[in-house]
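Chain by chain, the residues:
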Amino acid sequence: MDNAQKAIMIGVGLFVTILIIAAVMLIVTPAIDMIRNATEQATQLSESVQNQLTLQYDDVNVTGAQVISAVQLYCTDQDMVLEVKATNAADYLEYGKVRGNGTLELDKALSYDTSNVQSKVSVLTDSSDTTNYVPASARYRAELIRSTSGDVVMGIRFTRVN
């Protein structure tokens, strides 16, 4: 009888173990599918944003109003470099949360330091600052700042053309 009880206990233990494994699989499988779907959606969204940026700002002329709108739209993005040269006499000012390296190729966005500070978006619309003011009707050349490999858009550079 003692051996029969041990066999029954082992059988019950195996049955409970199988039930626990089955329950875990029922929970984990949908979670894995959900994570996979979320990753695919994020990738598609990223590609969509990159395509949109390419269509709107890849080596095209835009108005000052479009420059101001783009800077206001993307200035809070943690990974977007925004450079604007408001007039021919001005230097490129950085408006994004991260800064570029002064070229159209960038491997990694740079942080601000004591010698490089983030400009305030309000500078673009301050008509008393004749050097950095962006008139709504002025023409600017928009260029994308890309990764060295060229497959990732890192930011936008606007340069006054008239």
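*Asks:* Just to check I follow, could you spell out the pattern of salt bridges for this structure?
*Replies:* When the charged atoms of two side chains lie near each other, side chains of opposite charge can form a pair. For the coordinates displayed, the defined rule picks out five salt bridges. When the shortest N-O distance is used, the salt bridge between Arg141 and Asp59 registers 2.9 Å. Linking Arg141 in strand β4 (residues 139–146) with Asp59 in the loop between α1 (2–57) and β1 (60–63), this pair joins segments that are 82 residues apart in sequence. Exposure remark for Arg141: the relative accessible area of 25% places this residue in the partly exposed category. The class of Asp59 is partly exposed, set by a relative accessible area of 44%. The partner of Arg157 in a salt bridge is Glu83, with the nearest N and O atoms 2.8 Å apart.

*Asks:* Please explain the nonpolar core as it appears in this structure.
*Replies:* For soluble globular proteins, the rule of thumb is that nonpolar side chains tend to be buried together. Core analysis: the biggest nonpolar cluster contains 23 residues, and Tyr57 and Phe158 have the highest contact counts within it. Those elements that place two or more of their residues in this core are α1, α2 (64–74), β2 (81–85), β4 and β5 (153–160). Looking at this core element by element, the count peaks at five residues for α2. In this structure Phe158 touches Tyr57, Val62, Val67, Ala70, Val71, Glu83, Val84, Lys85, Tyr92, Tyr140, Arg141 and Ala142, once residues within four positions along its chain are discounted.

Quick notes on the rules
Residues numbered from 1 in each chain as written. Predicted model: local features only at pLDDT ≥ 70, side-chain atom pairs only at ≥ 80, totals over all residues. Heavy atoms only, no water. Salt bridge = Lys/Arg side-chain N within 4 Å of Asp/Glu carboxyl O. Helix = DSSP H or I, 4+ residues; strand = E, 2+ residues; numbered from the N terminus. Buried < 20%, exposed > 50% of the residue type's maximum accessible area, 1.4 Å probe, protein only. Core = buried A, V, L, I, M, F, W, Y, C linked by side-chain atoms within 4.5 Å. Contact = heavy atoms within 4.5 Å.

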